[in-house]
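Coordinate analysis (summary)
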Amino acid sequence: MVAKVGLDGHDRGAHVIARAFRDAGFEVIYSGLHKSPDEIVQAAVQEDVDVLGISILSGAHDTLVPKIMNGLDKYSARDDTLVLVGGVIPEEDCNELEEEGVAAIFGPGTSIDETINFIKEQAPER
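**Description of the packing of aromatic side chains**
Both the distance between ring centres and the angle between the ring planes are used here to describe each pair of aromatic rings. Taken as a whole and judged by the stated rule, the model has two aromatic pairs. Each ring, one from Phe 21 and one from Phe 26, has its centre 5.8 Å from the other, and the planes form 85°; the classification is edge-to-face. Judged by relative accessible area, which is 10%, Phe 21 ranks as buried. Using a relative accessible area of 24% as the deciding quantity, one classes Phe 26 as partly exposed. When the ring of Phe 106 is compared with that of Phe 118, the centres are 5.7 Å apart and the planes differ by 75°; the resulting orientation is edge-to-face. Of this pair, Phe 106 sits in strand E4 (residues 104-106) while Phe 118 sits in helix H5 (residues 112-122), and the two are 12 residues apart along the sequence.

Structural data, given as structure tokens:
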């Protein structure tokens, strides 16, 4: 699942990565714009996603991503879901997100192949 959380209205990158994932053989669900953390959690749980990619450029990653992680905990879905964050995340915030349980953070300039390979290597097997 590729998710856009909060008031971030820039979704070109999310569309590009969702298409690349489809081309790589993944089934992809795109959340659409302006979703709340709870809406993203509900969709991820209902769809039983293996990977949740959160695309965020608004600068609200430090409050919105932890809410998503807490929501996944509420449904006991965190251990079964590989959570990734993509966007412009300041270096000093990366450790906090990783401590929250984010498996990887992909910033500007990350190749699509790098992201796809990471998912293939790290995604929970079912």
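**Looking at the packing of helix H3 (residues 61-74) against helix H4 (residues 91-100)**
Two numbers describe how H3 lies on H4: the axes approach to 10 Å, and their chain directions differ by 10°. When the axis of H3 is compared with that of H4, the two are roughly parallel. Of the residues in H4, those touching H3 at His 61, Val 65, Pro 66, Met 69 and Asn 70 are Asp 93, Leu 97 and Glu 100.

How each quantity is defined
Residues numbered from 1 in each chain as written. Predicted model: local features only at pLDDT ≥ 70, side-chain atom pairs only at ≥ 80, totals over all residues. Heavy atoms only, no water. Phe/Tyr/Trp six-rings, centres within 6.5 Å; stacked < 30°, edge-to-face > 60°. Buried < 20%, exposed > 50% of the residue type's maximum accessible area, 1.4 Å probe, protein only. Helix = DSSP H or I, 4+ residues; strand = E, 2+ residues; numbered from the N terminus. Axes fitted to C-alpha atoms, helices over the stretch in contact; angles between N-to-C directions. Parallel < 35°, antiparallel > 145°, perpendicular 65-115°, else oblique. Contact = heavy atoms within 4.5 Å.

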